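# Coordinates in review
Residues per chain are reported as follows:
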Amino acid sequence: MTPDELTAVGLQLEVDGPVATITLDRPAVRNAQTPQMWTALARLGDELPEQVRVVVVTGTGETFSAGLDRSVLDPTNPEGVGALLTATDAEGADQIGEWQRGFTWLRDPRIVSIAKVRGYAIGAGFQLALSCDLRITSEDAKFSMKESALGLVPDLTGTKPLVESVGYSRALEICATARVVLADEALRIGLTQSVHPADELDEAVATLVQGLTAPMDGVVPETKALLQGAADRSLDEQRQLEREAQIRRFRAVAAALLG
């Protein structure tokens, strides 16, 4: 996508070698999201340069994302979700599936994705953060799955990583009550990997990015692929995948040593 196309939907992209930074850039509405933004995020995933190994997702200003732009809930808004009301169930589900693609590519084993969260991560903002492999937050971060307060359910792929992070019972309580989870609790229950003073957040993420890009090409993607789904595999299945991955790594290391 061109910079102008990204600007039109409230996004910025910066690629610096192996690191891509995606910034939600709608500060006037606290980086609220739209279907057009989700479609653009999916395109960014499709078009990501091959050299990118780490993707950082963040928001302009003091808010990660206030969630869904309420204007898109207006049934008369042609760029909103009103089209779902006149679609068949199958057509509506397919459309939501296309929007979900803006979130699912962040799990691709080829990259490690990091949500750098300041301030509010509400609804769709919470789900975008959950779509990332890692969440690094400031002390003022606030998470809320606000959908139930609107009579809706989380549908942007956030439910699975939420359960994986905090367990079924806690995930149900967070979603059903739409309450706010503050940064200290998020760290305690496993929603975030670390919490930092606001003026130290950039440095903390930069240090993490450096650590993730330091290993030889291929090591982190192989490791991510091994860990994804490990909990659902038998020990024998996991051992087999470890063996296959290690053979590939031994060959890659040998090739590098031989020049």
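Anyway, here's the lowdown on the structure attached to this text. In every chain, residue numbers begin from 1 and rise along the written sequence. Per-residue local features are limited, in this predicted model, to residues with pLDDT of at least 70; the limit for side-chain atom pairs, both in listing and counting, is 80 or more; totals at the level of whole chains, interfaces and linings are taken over all residues. To obtain the side-chain values, all non-hydrogen atoms of the structure were included, while hydrogens and water were left out.

### Let's talk about the sheet that holds strand β4 (residues 112–117)
Strands qualify as paired when DSSP identifies two bridges or more between them. Comment: elements are numbered from the N terminus, with helices defined as DSSP H or I runs of at least four residues and strands as E runs of at least two. An order of β1-β2-β3-β4-β6-β9 is seen for the six strands of this open sheet, with the pairing classed as mixed. Each end of this open sheet is capped by a strand with a single partner; those strands are β1 (11–16) and β9 (194–196). Averaged over all neighbouring strand pairs, the angle between strand axes comes to 20 degrees, with direction disregarded. In the packing of helix α5 (residues 124–131) onto the sheet, the strands contacted are β2 (19–24), β3 (54–59), β4 and β6 (134–138), and the crossing angle to β4 comes to about 140 degrees. A fitted line through C-alpha atoms represents every axis, and for helices the fit uses only the stretch in contact; the resulting angles, taken between N-to-C directions, go from 0 to 180 degrees. Contacts were defined at the residue level, with two residues in contact if any of their heavy atoms lie within 4.5 Å.

### Topic: helix α4 (residues 89–104)
How far a helix is expected to stretch is found by multiplying one less than its residue total by 1.5 Å. Across its 16 residues, α4 extends 22 Å between first and last C-alpha, which sits within 8% of the 22 Å expected from 1.5 Å per residue. On its buried face, α4 is in contact with α2 (35–46), α3 (83–86) and α5.

### With respect to the packing of helix α10 (residues 219–227) against helix α11 (residues 235–258)
Closest axis-to-axis distance for the α10/α11 pair is 10 Å, and the angle between their directions is 170 degrees. Judged by the angle between their axes, α10 and α11 are roughly antiparallel. Here α10 contributes V219, E222 and L226 to the contact with α11, which in turn contributes Q238, L241, E242, A245, R248 and R249. Polarity classes work like this: nonpolar for Ala, Val, Leu, Ile, Met, Phe, Trp, Tyr, Cys and Pro, charged for Asp, Glu, Lys and Arg, and polar for all others, with Gly in that last group. A per-class count over the contact of α10 with α11 returns four nonpolar, one polar and four charged. Any angle between 65 and 115 degrees counts as roughly perpendicular, while under 35 counts as roughly parallel, over 145 as roughly antiparallel, and the rest as oblique.

### Thoughts on the side chain of S144
Tracing the chain through its elements places S144 in strand β7 (residues 142–144). Accessibility here uses a 1.4 Å probe with only protein chains present; expressed as a share of the type maximum, an area under 20% marks a residue as buried, one over 50% as exposed, and anything in between as partly exposed. Of the residues examined, S144 reaches a relative accessible area of 1% and is grouped as buried. Leave out the neighbours within four places in its chain, and S144 touches A121, I122, G123, F126, A178, R179 and V180.

### Structural notes on the pattern of salt bridges
Any Lys or Arg side-chain nitrogen found within 4 Å of a carboxyl oxygen on Asp or Glu counts as a salt bridge. A full pass over the atoms with the stated rule returns 15 salt bridges. The closest approach of N and O atoms between E222 and R248, which form a salt bridge, is 2.7 Å. Of the two residues, E222 is situated in helix α10 and R248 in helix α11; the sequence distance between them amounts to 26 residues. Of the charged contacts, one joins R239 and D236 as a salt bridge, the two residues approaching to 3.0 Å between their closest N and O atoms. Here the residue R239 and the residue D236 both occupy positions in helix α11, the gap between them amounting to three residues, near one helical turn. Through salt bridges that share partners, R170, E173, R179 and E185 make up one connected network.

### Observations concerning unusual backbone geometry
Trans peptide bonds make up the majority, and among non-glycine residues the majority have a negative phi. The backbone of R30 sits at a positive phi, close to 55 degrees, despite the residue not being glycine. Note on placement: R30 falls in the loop between β2 and α2. For R30, a relative accessible area of 44% corresponds to the partly exposed category.

### Describing the environment of S165
By secondary structure assignment, the location of S165 is in helix α6 (residues 159–166). When near neighbours in sequence (up to four residues on either side) are disregarded, S165 contacts R135, I189, G190 and L191. Among the polar contacts made by the side chain of S165, one reaches the side chain of R135 at a distance of 3.5 Å. A polar contact is formed between the side chain of S165 and the backbone oxygen of P161, at a distance of 2.8 Å. Whenever a nitrogen or oxygen atom comes within 3.5 Å of another N or O atom, the pair is scored as a polar contact, on the condition that within protein one atom can donate a hydrogen and the other can accept it, and that pairs from neighbouring residues in sequence are kept only if both atoms are in side chains.

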